[in-house]
Amino acid sequence: MNMRIILFISSSLLLGSCVQAPIFKDADHALITSNYPIISINGVGIEDTYKLDLDTGENTLVIVYHTYSKDYHCTFTWTAEAATAYEVTDQENRYPLTLYRWIRKNSLWAVRLNPIDPLACSIVSRE
Amino acid sequence: MFCIVRNFLPVLLLLLAVFANVTSVQAASIVPDLSTISDSDIRNSAIAFVSTSTTPGLSGAVLDVNTDNQDSKQWRSSLGFSAEFTIRKHIFNGYWGLAIVGGSLENMFSVISDTGDQVKLDVTRDVVGVRGSLGLSFPINQHFKLRPFLSLGVSNLRTVTIIDGLTLTDPSGNPSTLTTLDTRADMASTTGTVDAIYSRWFNDNRLELMAGYNLNYTDSISGDDSVLNTNAWNQTAMIKVRYSGKTNLVTDGRLWRWNVYVDHTKFLSFDKASLGYTGLFEIGTGIEWHMNIKPLNWFGWQSVGINFGVITSRNVEGYNFGLTAR
């Protein structure tokens, strides 16, 4: 009985965690997800968001990496390709955040490829 | 930030204290006429072996220990993974880890029995267990973070002791000078850990400094040997320095990176008699492939690799050769 419950919970967790294919707005859009808030797109300030549909072509995003002493406003500029997913995360790289092309490999894992560093990360002290 | 850490530590210590009131100590050695080995010695040795095999942060090792009165071989290994995960809308991240741990110790030494006879002892201990960790990671700035976490582990310790030279009565009632004792103990451990990690990039090379402190509570229950119905606190401190750089090797579009490292581990609570050492120094090198996958689309698994290190200390020689996953 206990084993059945454990198997049920494990299976539910695994199935619920399966890697889903990204859903694009349409075939001409790209998608970006970020572990940290996106505060600006192409020079226009937006409310903090973690997921955005992007027009293909060159985009510039500002994403904030928070720490307890400073905030790092990292600016990414790159050419987004249609029907392509991107992801921004911290990976202990040279800059606080890195942009990757996100590819679903199978239902168990995705791959982060083609890292892009931000153009710059401006430092804002926390009060 | 420091307020959060300060508030979190008492919670850790409280959790540790909750696990600390379970078992009372019963002292009754199952080997008579060997008063040179106290019950306390047996307990300390067992707890020290389990702790040096299962404590979070320890890498694999194969050790030869030679002191004036004992000669032992010990290995430990773990198969596991740990990673941080983002908690949106909070500055701190989460941290988790799971590991299967194992180790073995063969310890040979001689003592004089209460009757004046020379007695040779060959003690073999084997431990296998699982450990889970959960905690938080507090980035102070881009380069420095504090990571407190709690680990719970359960393990099974088997001890086979061959006593040569002491006349004991075997189970059939006949006296024998060669006796084998086989005992088991179940152990539960709770470890509070605080890691302080500093990193900095120099062009394509990365320097990482890590200092860690473990406060561990182990509760042991044995139906075979009442001496091992016991509990103990112990502490471990670790310092690690790691320097890595990129190579020209690329596999499937992803880089290989080399690294060199130096580790020092100090077992603060054990005396030298328990295992023959209280600290270990390791220097080594390795190579890692940065495969950069995201299992279950949940946490980042950056690299797999191999490493080789040489371990040394007073009375200790050893090595560490194994797989790494970061």
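Just above, that's the structure.
Computed from a predicted model, the values in this text were never measured in an experiment.

A. Just the interface of chain A and chain B, in detail. The interface of chain A with chain B comprises 31 residues on the first partner and 28 residues on the second. Note on chain A versus chain B: buried area summed over both sides is about 2,800 Å², and carbon and sulfur give 48% of it. On the chain A side of the contact with chain B, Tyr68, Glu92 and Arg94 of chain A bury the most area, a combined 29% of that side's loss. Across the chain A-chain B interface, the total number found is four salt bridges. For Arg94 of chain A, the salt bridge is made with Asp204 of chain B, and the minimal N-O distance between the two is 2.9 Å. At the boundary of chain A with chain B, the tally comes to 21 residue pairs in polar contact (both at pLDDT 80 or more). Elements with a minimum of two residues in the side of chain A that touches chain B: β1 (29–41), β3 (57–66), β4 (70–80), β6 (98–104) and β7 (109–116) of chain A. Here the element with the most residues in the side of chain A that touches chain B is β7 of chain A; it accounts for five residues. Class assignment for the residues of the side of chain A that touches chain B results in 16 nonpolar, eight polar and seven charged.

B. Region of the structure containing the pattern of salt bridges. Tallied over the full model, the rule gives 16 salt bridges over all chains. Two residues, Lys73 of chain B and Asp64 of chain B, come together in a salt bridge whose shortest N-O distance is 3.0 Å. We classify Asp64 of chain B as partly exposed; its relative accessible area is 32%. Here Arg326 of chain B and Glu288 of chain B are joined by a salt bridge, their closest N and O atoms 3.7 Å apart. Here the residue Arg326 of chain B occupies a position in the segment after β13 (316–325), and Glu288 of chain B occupies one in strand β10 (residues 279–289), the gap between them amounting to 38 residues. The buried category is assigned to Glu288 of chain B, whose relative accessible area is 4%. Linked through salt bridges whose partners overlap, the residues forming this network are Glu92 of chain A together with Glu84, Lys145, Arg147, Asp195, Arg206, Glu208, Arg242, Glu288 and Arg326 of chain B.

C. Broad picture of helix α2 (residues 39–54) of chain B. Residues and elements named next belong to chain B. Taking 1.5 Å as the rise per residue, α2 with 16 residues should run 22 Å; its terminal C-alpha atoms sit 23 Å apart, in good agreement. In terms of residue burial, α2 counts as a mostly covered element, since twelve of its 16 residues are buried. For α2, every residue scored as buried is listed here: Asp39, Arg43, Ser45, Ala46, Ile47, Ala48, Phe49, Val50, Ser51, Thr52, Ser53 and Thr54.

D. Expanded view of the environment of Ser38 of chain B. Residue and element names in this part refer to chain B. Inspection of the secondary structure puts Ser38 in the loop between α1 (2–18) and α2. Taking the relative accessible area as the measure of exposure, Ser38 reaches 27% and is therefore partly exposed. The spacing of Ser38 and Val227 is 189 residues in sequence and 9.8 Å in space, taken between C-alpha atoms. Of the polar contacts made by the side chain of Ser38, one reaches the backbone nitrogen of Asp41; its length is 3.0 Å.

E. Up close: the pairing of strand β7 (residues 205–221) of chain B. Residues and elements named next belong to chain B. With 17 bridges joining them, strand β6 (residues 175–202) and β7 adopt antiparallel strand pairing. Across the sheet, the residue bridging to Thr193 is Asn214, located in β7. Count of turn residues in the β6/β7 antiparallel hairpin: two residues, of which Asn203 carries a positive phi of about 55°. Two strands pair when backbone bridges link them, and β7 and strand β8 (residues 230–251) are joined in this way by 15 bridges, in the antiparallel orientation. Bridging from a neighbouring strand, Tyr217 pairs with Trp233 of β8.

Parameters at a glance
Residues numbered from 1 in each chain as written. Chains lettered and ligands numbered in written order. Predicted model: local features only at pLDDT ≥ 70, side-chain atom pairs only at ≥ 80, totals over all residues. Heavy atoms only, no water. Contact = heavy atoms within 4.5 Å. Buried area = accessible area lost by both parts, 1.4 Å probe. Salt bridge = Lys/Arg side-chain N within 4 Å of Asp/Glu carboxyl O. Polar contact = N/O pair within 3.5 Å; in protein donor to acceptor, adjacent residues only side chain to side chain. Helix = DSSP H or I, 4+ residues; strand = E, 2+ residues; numbered from the N terminus. Nonpolar A, V, L, I, M, F, W, Y, C, P; charged D, E, K, R; others polar. Buried < 20%, exposed > 50% of the residue type's maximum accessible area, 1.4 Å probe, protein only. Expected span 1.5 Å × (residues − 1). Pairing = 2+ DSSP bridges.

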